[in-house]
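Architecture and fold: a report
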Amino acid sequence: MHISSITPEFIWAILWLPLAAFAVIAPLIRPFPGKAEPASFISIAAVGVSFVLSCWLLISVWNADGHQILVNGLNWLSITNGPVFNFGLLLDPLSAIMLVVVTSVSLMVQIYSRAYMHSDASYRRYFAFISLFTASMLGLIMSANLLSTFIFWELVGLSSYLLIGFWFHRPSAVAAAKKAFLITRIGDIGFLAALLLLYSRTNTLDILTLNSSAVTAVLSGSVLTLAALGLFLGAVGKSGQFPLHIWLPDAMEGPTPVSALIHAATMVAAGVFLVGRMYPLFEAAPHALTVVGIIGAFTAVFAGTMGLVMKDIKRVLAYSTISQLGLMFLGLSVGGVWVGIFYLFNHAFFKALLFLGAGSINHATGTFDMREMGGLRKKLPWTCACFTLAALSLAGIWPLAGFFSKEGVLAAVWDKQPVLFAFAIVTTFLTAFYIFRVVFMVFAGKYRGEQHLHESSKSMLLPMLILAVPALASGWLNANGGFEGLFEGHATHGFLEGIVGLLAHPLAWISLATAGLGILLAYVMYIKVWIKPDRLKGGLHPVYAILTRKYWMDDLYENLIARSLLYRGAFQIAQWFDHVVIDGATNGVAAITKAAAKHTSRTQNGALQLYALVAVMGALIIALVVILV
Amino acid sequence: MNIGLTHYLVLSVLLFGIGLYGTLSRRHAIVVLMCIELMLNAANLMLVAFSRYVFSHGGQAIVIFSLVVAAAEASVGLAIIISFYRQRKNIDIKDIDLLKW
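None of the values given here were measured: they were computed from a predicted structure.

**Concerning the overall build of chain A**
- Looking only at helices and strands, one finds 27 helices and two strands in chain A.
- Principal-axis analysis of the C-alpha atoms places the extent of chain A at approximately 110 × 60 × 55 Å.
- Residues counted as buried form 55% of the 629 residues belonging to chain A.
- When contacts within chain A are restricted to residue pairs at least 6 apart in sequence, those whose partners lie at least 24 apart make up 79%.
- Total accessible area on chain A stands at roughly 26500 Å², and carbon and sulfur atoms take up 70% of it.
- Chain A carries 37 positive and 27 negative side-chain charges, and their two centres are separated by 12 Å.

**Thoughts on the interface of chain A and chain B**
- Across the contact, 12 residues belong to chain A and 14 residues belong to chain B.
- Both sides of the chain A and chain B interface together cover about 960 Å² of buried area, and 61% of this is carbon and sulfur.
- Considering only the surface of chain A that becomes buried against chain B, Gly606(A), Leu608(A) and Gln609(A) emerge as the three largest contributors, covering 52% of it.
- Inspection of the chain A/chain B interface yields zero salt bridges.
- Our enumeration of links across chain A and chain B arrives at three residue pairs in polar contact (both at pLDDT 80 or more).
- Counted by class, the side of chain A that touches chain B contains six nonpolar, five polar and one charged residues.

**Regarding the side chain of Arg437(A)**
All names here are of chain A.
- With respect to the helices, strands and loops of the structure, Arg-437 is situated in helix α19 (residues 418-443).
- One buried charged residue, Arg-437, remains without a salt bridge, the closest side chain of opposite sign being Asp-369 at 8.2 Å.
- Engagement of the side chain of Arg-437 in a polar contact is seen with the backbone oxygen of Leu-308, the distance being 3.1 Å.
- Apart from residues no more than four positions distant in its own chain, Arg-437 is found in contact with Gly-307, Leu-308, Val-309, Met-310, Val-316, Met-370, Ala-522 and Tyr-526.

**A closer look at empty space enclosed by the protein**
Residue and element names in this part refer to chain A.
- As enumerated under the stated definition, the model contains one cavity of 30 Å³ or more in all.
- As a volume, the largest cavity reaches approximately 40 Å³.
- Along its surface, the largest cavity is lined by Gly-157, Ser-160, Tyr-161, Ala-180, Phe-181, Thr-184, Lys-238, Trp-247 and Met-267.
- The set of elements that each furnish at least two residues to the lining of the largest cavity consists of α5 (146-164) and α6 (171-202).
- The residue inventory of the lining of the largest cavity, partitioned by class, reads five nonpolar, three polar and one charged.

**A few points about the pairing of strand β2 (residues 84-91) of chain A**
Residues and elements named next belong to chain A.
- The buried count for β2 comes to six of eight residues, which makes it a mostly enclosed element.
- Both strand β1 (residues 69-78) and β2 contribute to a ladder of seven bridges, which runs antiparallel. Looking across to β2, one finds that Leu-77 is bridged to Phe-85.
- Hairpin remark: β1 followed by β2, antiparallel, with five residues in the connecting loop; positive phi at Asn-81, about 55°.

**Here we look at the environment of Val334(A)**
All names here are of chain A.
- With respect to the helices and strands, Val-334 occurs in helix α14 (residues 313-335).
- Assessed through its relative accessible area of 3%, Val-334 is described here as buried.
- In this structure the C-alpha to C-alpha distance between Val-334 and Asp-415, which are 81 residues apart in sequence, comes to 8.4 Å.
- Every residue in contact with Val-334, bar those within four places of it in the chain, is listed here: Ala-412, Val-413, Lys-416 and Gln-417.

**Structural notes on α14(A)**
Residues and elements named next belong to chain A.
- With 23 residues, α14 ought to run about 33 Å at 1.5 Å a step, and its terminal C-alpha atoms sit 32 Å apart, in line with that.
- Burial within α14 is extensive, with 23 of its 23 residues counted as buried.
- Taking the backbone nitrogen of Lys-314 as reference, a side-chain oxygen 2.8 Å away marks Asp-312 as the first, capping residue of α14.
- Backbone geometry just downstream of α14 places Gly-336 in the positive-phi region, at approximately 100°.

**Observations regarding the pattern of salt bridges**
- Across all of its chains, the model carries nine salt bridges over all chains by this definition.
- Its salt-bridge partner being Arg185(A), residue Asp188(A) comes within 2.5 Å of it at the nearest N-O pair. You can see Asp188(A) and its partner Arg185(A) sitting in helix α6, three residues apart, about one turn around the helix.
- Residue Asp92(B) pairs with Arg27(B) through a salt bridge whose shortest N-O separation is 2.4 Å. Residue Asp92(B) is located in the segment after α3 (58-88), and its partner Arg27(B) is located in the loop between α1 (5-25) and α2 (29-53); the two are separated by 65 residues in the primary sequence.
- Take Arg27(B): its relative accessible area is 47%, and that puts it in the partly exposed class.
- What emerges from the salt-bridge pattern is a single network uniting Lys179(A), Asp250(A), Arg315(A) and Glu558(A).

**A look at the packing of helix α4 (residues 123-142) of chain A against helix α11 (residues 270-277) of chain A**
Residues and elements named next belong to chain A.
- Remark: α4 packs on α11, axes separated minimally by 10 Å, with the N-to-C direction vectors making an angle of 20°. With respect to their mutual orientation, α4 and α11 come out roughly parallel. In terms of crossing hand, the pair formed by α4 and α11 is left-handed. Facing Met-137, Leu-140 and Ile-141 of α4, the residues of α11 in contact are Ala-270, Phe-273 and Arg-277.
- For the contact of α4 with α11, the residue count by class is five nonpolar, no polar and one charged.

The rules we used
- The residue numbers shown here count from 1 along each chain, following its written sequence.
- Labels follow written order: the first chain is A, the first ligand is 1, and so on.
- Since the coordinates come from a predicted model, pLDDT governs what is reported: local features require at least 70, and pairs of side-chain atoms require 80 or more to be given and counted, while whole-chain, interface and lining totals use all residues.
- Excluded from the side-chain calculations are hydrogens and water; all other atoms, namely the structure's heavy atoms, are used.
- By the criteria applied, helices consist of DSSP H or I runs no shorter than four residues and strands consist of E runs no shorter than two, each listed in order from the N terminus.
- Exposed residues in this analysis have more than 50% of their type's maximum accessible area, buried residues have under 20%, and partly exposed residues fall in between, with area computed by a 1.4 Å probe over protein chains only.
- Two residues form a contact once any of their heavy atoms are found within 4.5 Å.
- Residue burial considers only the protein chains on display, and all accessible areas are found by Shrake-Rupley using a 1.4 Å probe.
- Counted as positive: Lys and Arg. Counted as negative: Asp and Glu. His and the chain ends are not counted at all.
- Where a charge lies is defined by one atom per residue type: Lys uses NZ, Arg uses CZ, Asp uses CG and Glu uses CD.
- Accessible area, probed at 1.4 Å, shrinks when two parts are joined; the buried area is that loss added up over both.
- Salt bridges are defined by distance alone: a side-chain nitrogen of Lys or Arg within 4 Å of a carboxyl oxygen of Asp or Glu.
- What qualifies as a polar contact is a pair of N or O atoms within 3.5 Å, subject to a donor-acceptor requirement within protein and to the restriction that residues adjacent in sequence count only when both atoms come from side chains.
- Residues are grouped as follows: Ala, Val, Leu, Ile, Met, Phe, Trp, Tyr, Cys and Pro are nonpolar; Asp, Glu, Lys and Arg are charged; all remaining types, including Gly, are polar.
- As defined here, a cavity is a set of points on a 1 Å grid over the protein atoms alone where a 1.4 Å probe fits but cannot get out. A pocket is an open set with protein on both sides within 12 Å along at least five of seven lines, and residues line them when an atom is within 4 Å of a point.
- Grid points are joined across faces, edges and corners, and a volume is the space filled by probe spheres set on the points.
- Strands are labelled as partners when DSSP assigns at least two bridges between them.
- An expected span of 1.5 Å times one less than the residue number is assigned to each helix.
- All axes here are fitted lines through C-alpha atoms, helices being fitted over the stretch that makes contact, and every angle between N-to-C directions spans 0 to 180 degrees.
- Roughly parallel means an angle under 35 degrees; roughly antiparallel, over 145; roughly perpendicular, 65 to 115; everything else is oblique.
- If you view the pair so one helix is near and one far, a crossing is left-handed when the near helix is turned anticlockwise from the far one by less than a right angle, and right-handed when it is turned clockwise.

Scope: geometric values only; no functional claims are made or implied.
Have a look at this one:
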């Protein structure tokens, strides 16, 4: 069957529909009392149509020449005798796949949210923000110009801020939102600096031009490296990589579906997307690309270890997200665009499913604390099935989706950077352990809480079951090399051969054995209790303390940098400058004026004839001057 | 002897000088007011004289306006002086020094 190619009007509609939903919900529906339902219907309908159009777009991109469609931009900003910025759309396999991921996960999360947020008084505000986020994310993905990418980049940051602080009556949520905003801002400075640097050297911010000029080495080596590192700093902030990772675990204060959509599947992956988008530039700057890989590999292990000890189910998932994003960067660094993006693609589905599962568990137990769970397998069978499937996928068990993407990263890193391979394999072990620690603590054993347990409603289970399909099978898309082929144009091979053939490679067995070992250890510790977690905790007390205190990173930032260095140091100097120099200057001028006025006002003695005399003298002087000069 | 422009101008300057001297030196407020009128009329005289000698009626027209303004000014000035007298029982110009600081 031949499907005709998508037209620009429909491509624009992908972006405008969620934005229109936001524009309708925020001012028209939200302020008026009445039924809240229409808000969710509008929002879901908009993203649903966007999803269908995105699928059409993906097929069109697949069929297009060079797998690329360009939509000419709106002339957005033009300065006389100066730069012209077009807001155009660049659609290649990278953005088309991201579009499908974002719209599909957003659609599922929004359907799920209808039930999850049902009793919330701010139901309509929630859907307005979710629509705004979806629109900004789509804009970020499709944008053909780094300047508009940056604008949307900030817009997703704003939506993230609004949704983390959605329950603004909770001080912890407000603090988390502020933290997320400030920390990502540090990364964004790098992004902006890179934009300025690139623009000053090339006079353009068009992505295709930049990528081609990077290849033709118009930019000199160090400038290119600096620009790439600046872009990567933005990605580090957005994707929660070390050392700017500290905002992501706190961001779990937002509603759980928000965590699923924004802080697991899509927005945090924007950093990976950005590096993938500018990949030719990074390739031309190999040092920067190495930094990407090292930071990614380190973060993967670093965050994974913290995930081992968290009590809060969402925190475990948050650290897992940071860790997996690290692997994505590692994959980008050593394997090229498709490795990283394939990981992102699979991760989006199973991690969103894990979060939705956590939300479903929270609905039943009223808590996120795993110590008050246990034995939920019997009462929440569907949630248990979906969660376990996603956990297996995350752990990278054959033949689930996670296995294939992890194999891509492991194979690439084995070839290029054997040192970092150790990090990747340790991460595999940690991932399998902590996620099955969650599974066993939550679903196995006896219930330790006091709630009356019940399975979630169908409208929450349905999106989970739908997401379970890609969590199971999205990895198979590359079984015949199709996914890779979209990016690199390799020859494809057979479907079954792709799924089973990987097992012929010893690497697959190494990774499977590592993951199996992690699961086994979790089983031994949390089901059989041959090794008591509490005794281990006592025996390894210093390590445990380091991990629960999150390597003192929060303390470092808050106490040392924020309180001591900034508040007591730099800000005190600024305050002194403000008080003494700036206030002193204004107050000094005022005091001098006042004192001068006090003396000169004495001459105004009210003697009329003296005034008249002075006026006459003045007139005479003027006359003299006129006559003489 | 022909009376020419010069005579009028000299007369005008003399009148203006007398008025200026009176304005600056006399202490009686009404006298000061009258001296101011004198200066004003010196100027009027000059305007009329010039008007005559350059064959233009503009100067005379200005004088008509000036007279009207002078009349108004004199009435306002006298009203202020009367008001002041009612307050102070005195119209010494040295005492009219309220416009200070």
